[in-house]
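# Report on the structure
Listed here are the chains, written in short residue letters.
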Amino acid sequence: MAHPPLPLLLALALGLAAAAKSPYQQVLQHSRLRGRQHGPNVCAVQKLIGTNRKYFTNCKQWYQRKICGKSTVISYECCPGYEKVPGEKGCPAALPLSNIYETLGVVGSATTQLYSDRSNLRPEIEGPGSFTIFAPSNEAWASLPAETLDSLVSNVNIELLNALRYHMVNKRVLTDDLKHGTTLNSMYQDLPIQIHHYPNGIVTVNCARLLKADHHATNGVVHVIDKVIATTTNSIQHIIETEESLETLRAAVAASDLNSLLESEGQYTLLAPTNEAFEKIPRETLNRILGDPEALRDLLNHHILKSAMCAEAIIAGLTMETLEGTTLDVGCSGEELTLNGKPIIANKDVLATNGVVHFVNELLIPDSAKTLFELAQESEVSKSMDFFRQAGLSSHLTGSERVTLLAPVNDVFKDGLPVVDSNMKNLLLNHIVRDQLSSKYLYHGQKLQTLGDKELRVFVYRNNLCIENACIAAHDKRGRFGTLFSVDKMLTPPSGSVMDVLKADHRFSTLVAAIQSAGLTENLNRPGTFTVFAPTNEAFRAMPQGELNKLMGNAKELANILKFHVADEILVSGAVSALVRLKSMQGDKLEVSTKNNVIHVNKEPVAESDIMATNGVIYAVNSVLQPQASRPQERGDEPADPALEIFKQASALSKVSQRNPRLAPVYSRLLARLKENSGGF
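Residues numbered from 1 in each chain as written. Predicted model: local features only at pLDDT ≥ 70, side-chain atom pairs only at ≥ 80, totals over all residues. Heavy atoms only, no water.

## Focus: the overall build of the protein
Helix and strand content of the protein: 27 helices and 35 strands. Taking contacts inside the protein between residues at least 6 apart in sequence as the whole, the part at least 24 apart equals 62%. Split by element, the accessible area of the protein, about 33,700 Å² in all, is 50% carbon and sulfur. (Helix = DSSP H or I, 4+ residues; strand = E, 2+ residues; numbered from the N terminus. Contact = heavy atoms within 4.5 Å. Areas by Shrake-Rupley, 256 points an atom, 1.4 Å probe, with all protein chains shown as cover.)

Here it is in structure tokens:
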């Protein structure tokens, strides 16, 4: 068996090594690429304007020049592990390899070095061994509350020493070993340190961000972090139980039996609503949710993310999945974290043994815990809600009745809401379908029953999903008991067969007489799926009188013309976004299109669309459509000139006969016929 050539094996090995790079190393590599024009081992760094916060840059950040929506400036500095040499370009020299204590002073953590000396940790980190230290930067120590720092430095042999040992691991750990969601046992009572390594290249240690990583020492490795980290011994549930500002949340968690989940092992993010957040909700809404176990559980699960998300890892917007199965847009604006674009996080990065807690001052109510009225608030169907309220139908949209609401979008009512009378109330009742539906399960031809006792049909098209004449304009919103379908127009339920509708409309009296004369009445009364392009009385009046009389006097020709106006499938206007071709019952094709929001059939504008019938849909047209064979010649109403036709044939045969002598007699006969019809040349 032949072995692959050595260069191929080497290329594969290098490819696998590149693919195995951690997100942090990938971002570092990108920063190297952006900095290489300034010399060897130079990294491009993005610095937030007005702060000391710096980030190695990924491709997206490089082009946007922003972090958390704030502008950055690019600076160039030595990549981790390298230093400048006077008179030479870039950072050509590797940092001198010394012990951890000496390395701390070189990498910007002189305060950690000083405290190591004071706490008598220095001999250990100068001596033999293999350690990792997550060393707080000088700024991290300076940002500690004064009382915290005082308590540490006033008891250096116990408190400060223990704090520093909690920042250490008794083995060498590089960034590639810092796997997302793992823990490391610290050198202080083996208490765990939580590691998160995010896809954007950010690495956190107990939610403190790695600033400068992988500084090698003779006895280990140094990583510089942006905070002093503290031990964590409490679960998320314990934080809820002991925090006064979470009293209402505590009661809600107990009522929904989520205690065990928030005590269990795992890595969650709890967006913990404070007492203030609950107080902002209308009392009626809050009582309804707190009294409904299913809605309450959905509400709480909507505040729990499936993974731990430290604030330092969020440098741009991202979508996070909740335990409820919904998503939240988590982002940042400067120093503030945002949820769904709003800066509502009051206190961030409260670390727990099983995740992280961010306190939020607004309640995030998921759709699944809302009534139909609540779903529609501040939405594109808010005017519809006012309409239903005026009609006295609120009880159907706020209670526990399982319904689906077909709510026209606000643009439908740009000229104001119609007057509510008994007929309008009945029409609105037919916008409320019995049962809670999901549009993804609707199918073509399905029948839906309304609260107004009408039967509505579902039409599935390539580009739209429609219920009668109204097409769904946005994704469903599924509430606690009801589902909201936003639709593009007011629904018009069918009120009779095609013939019933035509007879009831005075505009079609001539058409009705023509249908009866042609013997097509029974066809358009029977169950079916017709699309009828119905010529109005005006359309018949526009025909020359002689032509109209001739048509009406010939039942066969009249039936042929009328069948050309009928297709045996239902096409509502919302399904026409491009050219649609329908086969007429006469056999020829009808071409339906839209131009400037007007439906056209065979290039003729439609006067009114979507007049719904139980067995089809009617379009009013102000012209009588002509099949291809019945259309006038290009020269008008004059008969075709037979001499011209013969001349065309003769001309073609003349060229052929010159090449083939056997065709010469045929050519001669055609010339003779031409002379007969033209009277000679």
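## Quick word on the nonpolar core
Counting residues in hydrophobic clusters, the biggest one holds 30 residues, and the most contacted among them are Leu502, Leu511, Ile515, Leu562 and Ile618. Secondary structure elements with two or more residues in this core: α20 (498–504), α21 (509–517), β29 (530–535), α23 (537–541), α24 (545–552), α25 (555–563), β34 (604–613) and β35 (616–621). Here Leu562 is in contact with Leu511, Ala514, Ile515, Ala518 and Leu520, once residues within four sequence places are set aside. Of all hydrophobic cores here, the second largest spans 28 residues; its members include Cys68, Cys207, Ile314 and Val330. (Core = buried A, V, L, I, M, F, W, Y, C linked by side-chain atoms within 4.5 Å. Buried < 20%, exposed > 50% of the residue type's maximum accessible area, 1.4 Å probe, protein only.)

## With respect to the sheet that holds strand β26 (residues 470–471)
Paired through their backbone hydrogen bonds, the strands of a sheet run either parallel or antiparallel. Spatial strand order, β23-β24-β25-β26: four strands in an open sheet with antiparallel pairing. Looking at which strands have only one partner, the edges of the open sheet turn out to be β23 (447–449) and β26. Judged from the two bridges that link them, strand β25 (residues 465–467) and β26 form a sheet pairing that is antiparallel. Bridge pairing in β26 links Cys466 to Cys471. (Pairing = 2+ DSSP bridges.)

## Observations concerning unusual backbone geometry
Non-glycine residue Gln189 carries a positive phi angle of around 55°. Residue classification places Gln189 among the exposed positions, given a relative accessible area of 60%. Positive phi values are uncommon outside glycine, yet Asn206 reaches one of about 50°. Tracing the chain through its elements places Asn206 in the loop between β11 (203–205) and β12 (208–217). With relative accessibility at 9%, the residue Asn206 sits in the buried group.

## A closer look at the confidence of the model for the protein
Taken residue by residue, the protein gives an average pLDDT of 89. The fraction at 70 or more is 89%. Of the regions scoring below 50 in pLDDT, residues 9–18 engages in one contact with residues more than four places distant in sequence or in other chains. Counting interchain partners and residues more than four positions distant, the pLDDT-below-50 stretch residues 632–658 has 21 contacts. (pLDDT = per-residue confidence, 0-100.)

## A few points about the pattern of salt bridges
Going through the model one piece at a time under the given rule, you end up with 24 salt bridges. With a shortest N-O distance of 3.8 Å, Lys280 and Glu276 are connected by a salt bridge. Using a relative accessible area of 44% as the deciding quantity, one classes Lys280 as partly exposed. Salt bridges sharing common partners tie together Arg53, Arg209, Asp226, Lys227, Glu312 and Glu335. (Salt bridge = Lys/Arg side-chain N within 4 Å of Asp/Glu carboxyl O.)

## Some details on the packing of aromatic side chains
Inspection of every chain in the model, using the stated rule, returns five aromatic pairs. Between Phe387 and Phe413, the ring centres sit 5.5 Å apart and the planes meet at 80°, which makes this aromatic pair edge-to-face. Highlighted residues: Phe387 in helix α17 (residues 382–390) and Phe413 in the loop between β21 (403–408) and α19 (422–429), separated in sequence by 26 residues. Judged by relative accessible area, which is 1%, Phe387 ranks as buried. (Phe/Tyr/Trp six-rings, centres within 6.5 Å; stacked < 30°, edge-to-face > 60°.)

## Quick word on helix α5 (residues 110–118)
Inspection of α5 places Thr111, Thr112, Gln113, Tyr115 and Ser116 among the buried residues, and these make up the whole buried set. Directly beyond the C-terminal end of α5, a positive phi value near 70° is found at Asn120.

## Regarding the packing of helix α8 (residues 146–153) against helix α9 (residues 156–166)
How two helices pack is summed up by the angle between their axes together with the distance between the axes. One way to put it is that α8 packs onto α9 with a least axis distance of 6 Å and a crossing angle of 115°. Residues Ser151, Leu152 and Val153 of α8 lie in contact with α9, whose contacting residues are Val156, Glu159, Leu160 and Ala163. Taken together, the residues of the contact of α8 with α9 sort by class into five nonpolar, one polar and one charged. (Axes fitted to C-alpha atoms, helices over the stretch in contact; angles between N-to-C directions. Nonpolar A, V, L, I, M, F, W, Y, C, P; charged D, E, K, R; others polar.)

## Some points on the sheet that holds strand β32 (residues 589–595)
Spatially, β30-β29-β35-β34-β33-β32-β31 is the arrangement adopted by the seven strands of the open sheet, whose pairing is mixed. Strands with a single pairing partner mark the edges of an open sheet, and in this sheet they are β30 (566–567) and β31 (580–583). Sheet analysis places β34 next to β35, joined by five bridges and oriented antiparallel. The partner of Glu608 across the bridge, within β35, is Ala620.

## Considering the state of the cysteines
What the rule picks out here adds up to five disulfides. Cys43 shares a disulfide with Cys79; S-S distance 2.0 Å. The sign of the 110° torsion about the S-S bond sets the Cys43-Cys79 disulfide as right-handed. Here Cys43 is found in strand β1 (residues 42–48), whereas its partner Cys79 is found in the loop between β4 (70–78) and β5 (82–83), with 36 residues between them in sequence. A relative accessible area of 0% places Cys43 in the buried class. Each sulfur of the disulfide joining Cys78 and Cys91 lies 2.0 Å from the other. Handedness here is read from the sign of the S-S torsion; for Cys78 and Cys91, about -85°, the answer is left-handed. Of this pair, Cys78 sits in strand β4 while Cys91 sits in the loop between β5 and β6 (93–94), and the two are 13 residues apart along the sequence. Residue classification places Cys91 among the buried residues on the basis of a relative accessible area of 0%. In the protein, the bonded cysteines, taken in the order they occur along the sequence, pair up as 1-4, 2-8, 3-5, 6-7, 9-10. (Disulfide = S-S within 2.5 Å.)

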